[in-house]
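Structural characterization, general
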Number of protein chains: 2
Amino acid sequence: MVASEVRALFAVASRPEVVSLAGGMPNVSALPLDDIARIVQQVVSDQGATALQYGSAQGDPVLREHICEVMAEEEIDAASDDVIVTVGSQQALDLVTRVFVDPGDVVLCEAPTYVTAINTFAAFQADIRHVEMDGDGVVPEALEEALERLAAEGRRVKFFYTIPNFQNPAGVTLSAERRTRVLEICQRHGLLVLEDNPYGLLRYDGEPVAPLRAQAPDSVIYLGSFSKTLSPGFRIGWALAPSAVRAKLVLAAESAMLSHSTFNQMVVRRYLTDHAWREQIKDFNEMYRERRDAMLGALDALMPAGTEWTRPDGGFFVWLTLPEGLDSKAMMPRAVNERVAYVPGTGFYASDEGRRSMRLSFCYPTSEQIREGVRRLVGVIEGETELRDTFGGMSPPAAAGDDSPFPDLP
Amino acid sequence: MVASEVRALFAVASRPEVVSLAGGMPNVSALPLDDIARIVQQVVSDQGATALQYGSAQGDPVLREHICEVMAEEEIDAASDDVIVTVGSQQALDLVTRVFVDPGDVVLCEAPTYVTAINTFAAFQADIRHVEMDGDGVVPEALEEALERLAAEGRRVKFFYTIPNFQNPAGVTLSAERRTRVLEICQRHGLLVLEDNPYGLLRYDGEPVAPLRAQAPDSVIYLGSFSKTLSPGFRIGWALAPSAVRAKLVLAAESAMLSHSTFNQMVVRRYLTDHAWREQIKDFNEMYRERRDAMLGALDALMPAGTEWTRPDGGFFVWLTLPEGLDSKAMMPRAVNERVAYVPGTGFYASDEGRRSMRLSFCYPTSEQIREGVRRLVGVIEGETELRDTFGGMSPPAAAGDDSPFPDLP
């Protein structure tokens, strides 16, 4: 099964009778829609002449001040002058890659990592190398080893891309102790860190761990987003970068889109001023905690032996590894037939890994749907296990003839 | 004076006492703000769960249908499946360049041409070559000659970029007869045309001329925008491309920003459905016609001999050429001191041309401000002419030590 077939399957999977554990869409129906309707109306009524005009490539200065307040919630001390507003943090990823990566340059990232980051790095012809993770995030020794090997080969490494909190897709969090070690290793090798933190404030258990940026302002480009804490519909993300880098990113943004929507920036600005956004995030966290618990509870209760999964303290995703001999991508048609969908693990690797794994999202479906989805998935896995026991391991599907990127939502 | 100094001057020029004939901002205060306030409110109230969610990289299907209706106003017959919604037409320019241009590839464009297009082509390391224009747009013989010369040199030319209607910055329109010849030349050389038409519906005199895309669906990528006919604040532009190209552009858009703002797309959709948008464009045209007439009237009445300018039938811009021996960039500090601003001609060339020229915008200031601005500009030119007659020609300013792109608005 090749990428275009996965796209076709996802189209089928979007039918209402299918429980989708695939997409990473936040549950925006939990938003205070009346308040937001009032806010968008007021922005046009009160500030229309500004809101409907062109803005600057760096983004609205007042919004950038507010963004610094949001980052302060995670112990980041930043100047608004070093913030650039982007079309979701995806555009920030794109601009950073555009500025730093020449064809053939190495980009290090976690194994597995965010699908569309892989696509962006690949679009600029980066040589993408994965670094091993475990339950505490990336393994520092593996990072060090990779850097030493690449240095010995004379390869130019441009940055290390990490999603330290509730990682997409693995759901794991880089421990505080490892953050210090990762930074120490990167600084010793003169390597920039690209820290992507869209889920940081969505923590359901345990104590917050400060972002890497909080410790190392000069060697980290930090990416943030309102897509999960407010709405992806406004497409407001940001990059926080050391000044010299920030200036280059602003020029790249000017070339990429001239300026972001002034209107959307003023809407988010007003939301952050008028609305109790910290309370809203608490409400989100209660809702998502319940859904995560529903997923982990169902997995604990129903999954057959030999299946393993991560236990996220926040974010949207659980990473599940199938019993040996099963293939999550080959299993997809059967799963969709059984009215459950997930994202096969192979999408989260630039290499040919991840066949035994899958990403399960608990952000969008209700707890009841999640339990039903897991039940159906268990049926599929049991059926496949039976097949494996009868006919032996499944042959990996051919991937030739289709080089289009793997489809996904964030 | 180098680019950073021009940026600094533009900052000074944004002070209220300065009449700015520099920026290309549409006059959004002429919009029906009450209607738009109602529309944005309704989109959230009625369709919030969809509008505030992620969308597809290609853009909202219903909006793409509406975009086809807008293009039909200019005799373009298109399928919505071949439309991709972008963050202004600037992002479309960026995506097309990203898909087509490898470092060193030649991109042909008009002389002069849109500043930020130059910056985008340069960002992807294109070799930008200008083709001569006159009062009827690009000169077909010059295009043919350039293509033959480049073919003889074995150079790879990727596309010809043209703004055929009320060109930015020159204000000229490519004649109907020349459109056919330009297409014939490009097709004979197997060359793609990138047609940028943000001002097409803003015609104040004469008969409309159909876009190149209307004649040649298979060899033109067409770019459109709501930034001038509605508002740049929503950042909704589009590309219409032959299917094979469109598919590549969608993948590039996914990598660049995942998806555009669903909310903004639904706002524009509802505006096009609920509001008499054709009437709104007629109102805009009356307003802009009056402003253009104010500018041409003042230029006719006041400009000293030896100064020349174009007479646009639409759009936002007049291109003015100074008497010999004067330098528009060197003159900028004096002009800002006299409380008038313009964009020096050099910004509109990848080469070192345009020193005697400048772009004057009549879109944003009122007719009265325009007349006062021209009066001040005449004073500056007379002063510079006197200096020239006393001390001889001014030496061209050094441009070394600053390679940042020239600043501008569209």
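Residues numbered from 1 in each chain as written. Chains lettered and ligands numbered in written order. Predicted model: local features only at pLDDT ≥ 70, side-chain atom pairs only at ≥ 80, totals over all residues. Heavy atoms only, no water.

An unreviewed UniProt entry lists chain A under the name GntR family transcriptional regulator, from Streptomonospora alba. Here chain A is described in UniProt, under the heading Subunit (unreviewed entry), as follows: "Homodimer." We quote the UniProt Cofactor (unreviewed entry) comment for chain A here in full: "pyridoxal 5'-phosphate". (UniProt positions renumbered as here; feature names shortened; annotations may be inferred.)

Turning to the overall build of chain A, a few remarks are in order. A tally of helices and strands in chain A yields 13 helices and 14 strands. Relative to the globule expectation of 22 Å for 410 residues, the C-alpha radius of gyration of chain A, 21 Å, shows essentially globular dimensions. With the C-alpha coordinates of chain A rotated into their principal frame, the extents come out at 70 × 55 × 40 Å. In chain A, which comprises 410 residues, the proportion classed as buried is 64%. Long-range pairs, those at least 24 residues apart, make up 77% of the contacts in chain A between residues at least 6 apart in sequence. Of the roughly 14,400 Å² that chain A leaves accessible, carbon and sulfur atoms contribute 48%. (Helix = DSSP H or I, 4+ residues; strand = E, 2+ residues; numbered from the N terminus. Rg over C-alpha atoms; globule rule 2.2 N^0.38 Å. Buried < 20%, exposed > 50% of the residue type's maximum accessible area, 1.4 Å probe, protein only. Contact = heavy atoms within 4.5 Å. Areas by Shrake-Rupley, 256 points an atom, 1.4 Å probe, with all protein chains shown as cover.)

On to the nonpolar core. In this structure, Leu108(A) and Leu108(B) are the most contacted members of the largest nonpolar core, which totals 217 residues. Look past the residues within four positions of Leu108(A) in its chain and what remains in contact with it is Arg129(A), Val131(A), Leu143(A), Ala146(A), Leu147(A), Leu150(A), Val157(A), Phe159(A), Phe160(A), Tyr161(A) and Leu191(A). Core analysis: the next-biggest nonpolar cluster, separate from the first, contains 74 residues, Ile128(A), Tyr54(B), Val101(B) and Ala117(B) among them. (Core = buried A, V, L, I, M, F, W, Y, C linked by side-chain atoms within 4.5 Å.)

Once that is clear, we can look at the interface of chain B and chain A. At the junction of the two partners, chain B supplies 54 residues and chain A supplies 54 residues. Together, the buried faces of chain B and chain A total about 4,200 Å²; carbon and sulfur atoms form 64% of this surface. For the chain B face of the interface with chain A, the top three residues by lost area are Leu52(B), Gln53(B) and Tyr54(B), together amounting to 17%. In this structure, the connection of chain B to chain A is made through 2 salt bridges. Here Asp94(A) and Arg98(B) are joined by a salt bridge, their closest N and O atoms 2.8 Å apart. At the junction of chain B and chain A, the tally comes to 21 residue pairs in polar contact (both at pLDDT 80 or more). (Buried area = accessible area lost by both parts, 1.4 Å probe. Salt bridge = Lys/Arg side-chain N within 4 Å of Asp/Glu carboxyl O. Polar contact = N/O pair within 3.5 Å; in protein donor to acceptor, adjacent residues only side chain to side chain.)

Let's shift gears to the sheet that holds strand β13 (residues 343-344) of chain A. If you walk across this open sheet you meet the 4 strands as β10-β11-β14-β13 (chain A), and the pairing is antiparallel. Because the sheet does not close on itself, it has two edges, and the strands there are β10 (308-309) and β13 of chain A. (Pairing = 2+ DSSP bridges.)

The next point concerns the relation of the copies chain B and chain A. For the pair chain B and chain A, the best superposition has an RMSD of 0.0 Å and corresponds to a rotation of 180° with a translation of 0.0 Å parallel to the axis. With respect to symmetry, the two chain copies, as superposed, fit the operation of a two-fold axis. Ranked by how close their C-alpha atoms come to the rotation axis, the residues of chain B are headed by Gln41(B), at 2.5 Å. Interface overlap between copies is the fraction of interface residues in one copy that are interface residues in the other; for chain B against chain A it reaches 100%, indicating a shared surface. (Least-squares fit on C-alpha atoms with pLDDT ≥ 70 in both.)

Between two aromatic rings, the relevant description is the distance of the centres plus the angle of the planes. On inspection of all chains with the given rule, the structure shows 23 aromatic pairs over all chains. Their ring planes at 75° and their centres at 5.4 Å tell us that Phe234(A) and Phe263(B) sit as a pair that is edge-to-face. Of this pair, Phe234(A) sits in the loop between β8 (220-225) and β9 (236-240) while Phe263(B) sits in helix α10 (residues 262-274), placing the two residues on different chains. Take Phe234(A) and Phe263(B): they sit in the same class, and that class is buried. Three or more aromatic residues joined by ring pairs make a cluster, and in this case those are Tyr199(A), Tyr204(A), Phe284(A), Tyr288(A), Phe316(A) and Phe317(A). (Phe/Tyr/Trp six-rings, centres within 6.5 Å; stacked < 30°, edge-to-face > 60°.)

All names here are of chain A. Of all residues in chain A, 94% attain a pLDDT of 70 or more, and the chain-wide mean is 93. Note on residues 396-410: pLDDT under 50 across the span, and 51 contacts to partners over four residues away in sequence or across chains. In the predicted complex, the global pTM is 0.93; the interface-specific ipTM is 0.93. (pLDDT = per-residue confidence, 0-100.)

Residues and elements named next belong to chain A. Relative to the helices and strands, arginine 181 resides in helix α7 (residues 176-188). Spatially, the C-alpha atoms of arginine 181 and glycine 206 are 21 Å apart, while their sequence positions differ by 25 residues. Excluding its chain neighbours within four sequence positions, the residues that come into contact with arginine 181 are Pro140 and Glu141. Only 2.2 Å separates the side chain of arginine 181 from the side chain of glutamate 141, close enough to count as a polar contact.

The step from Asn168(A) to Pro169(A) runs through a cis peptide bond, and the omega angle for that step is 15°. As for its placement among the helices and strands, Pro169(A) is situated in the loop between β6 (157-162) and α7. Here the phi dihedral of Arg339(A) falls at roughly 65°; this positive angle occurs in a residue that is not glycine. Topologically, Arg339(A) is positioned in the loop between α12 (332-337) and β12 (340-341). Despite not being glycine, Leu258(B) has its phi angle at roughly 70°, a positive value. Position of Leu258(B) relative to the elements: it lies in the loop between α9 (243-257) and α10. On the accessibility criterion, Leu258(B) (5% relative accessible area) is buried.

We now examine the pattern of salt bridges. Considering all chains together, one arrives at 63 salt bridges over all chains under this definition. A salt bridge links Arg311(B) to Asp300(B); the shortest N-O distance between them is 3.0 Å. Taken together, the positions of Arg311(B) in the loop between β10 (308-309) and β11 (317-321) and Asp300(B) in helix α11 (residues 277-302) put the pair 11 residues apart, joining distant regions of the chain. Within the structure, one salt-bridge network assembled from shared partners comprises Asp94(A), Arg98(A), Asp94(B) and Arg98(B).

Attention now moves to the environment of His275(A). All names here are of chain A. Mapped onto the elements of the fold, histidine 275 is located in the loop between α10 (262-274) and α11 (277-302). Classification of histidine 275 by relative accessible area gives buried; the value is 15%. When the C-alpha positions of histidine 275 and aspartate 102 are compared, they lie 43 Å apart, and in sequence the two are 173 residues distant. Those residues in contact with histidine 275 that sit more than four places away from it in its chain are Pro32, Asp35, Arg270 and Gln280.

To continue, consider the UniProt feature "domain: Aminotransferase class I/classII large" (unreviewed entry) in chain A. Under the UniProt annotation, the feature "domain: Aminotransferase class I/classII large" (unreviewed entry) is placed at residues 32-377 of chain A. Counted over residues 32-377 of chain A, helix gives 45% and strand 17%. Its end C-alpha atoms are 33 Å apart.

Residue and element names in this part refer to chain A. Strand order in the open sheet formed by 8 strands is β2-β9-β8-β7-β6-β3-β4-β5, with mixed pairing between adjacent strands. Every other strand in the sheet has two partners, leaving β2 (83-87) and β5 (137-138) as the edge strands with one partner each. Of the pairings in the sheet, the one linking strand β7 (residues 192-196) to β8 comprises 4 bridges and is parallel in character. Bridge pairing in β8 links glutamate 195 to tyrosine 222.

This part is about the pairing of strand β6 (residues 157-162) of chain B. All names here are of chain B. The buried fraction of β6 is high, at 6 of 6 residues. Inspection of the sheet shows β6 paired to strand β7 (residues 192-196) by 4 bridges, in the parallel sense. Bridging from a neighbouring strand, tyrosine 161 pairs with leucine 194 of β7. The handedness of the β6 to β7 crossover, carried by helix α7 (residues 176-188), is right-handed. (Right-handed = clockwise from strand over helix to strand, strands pointing away.)

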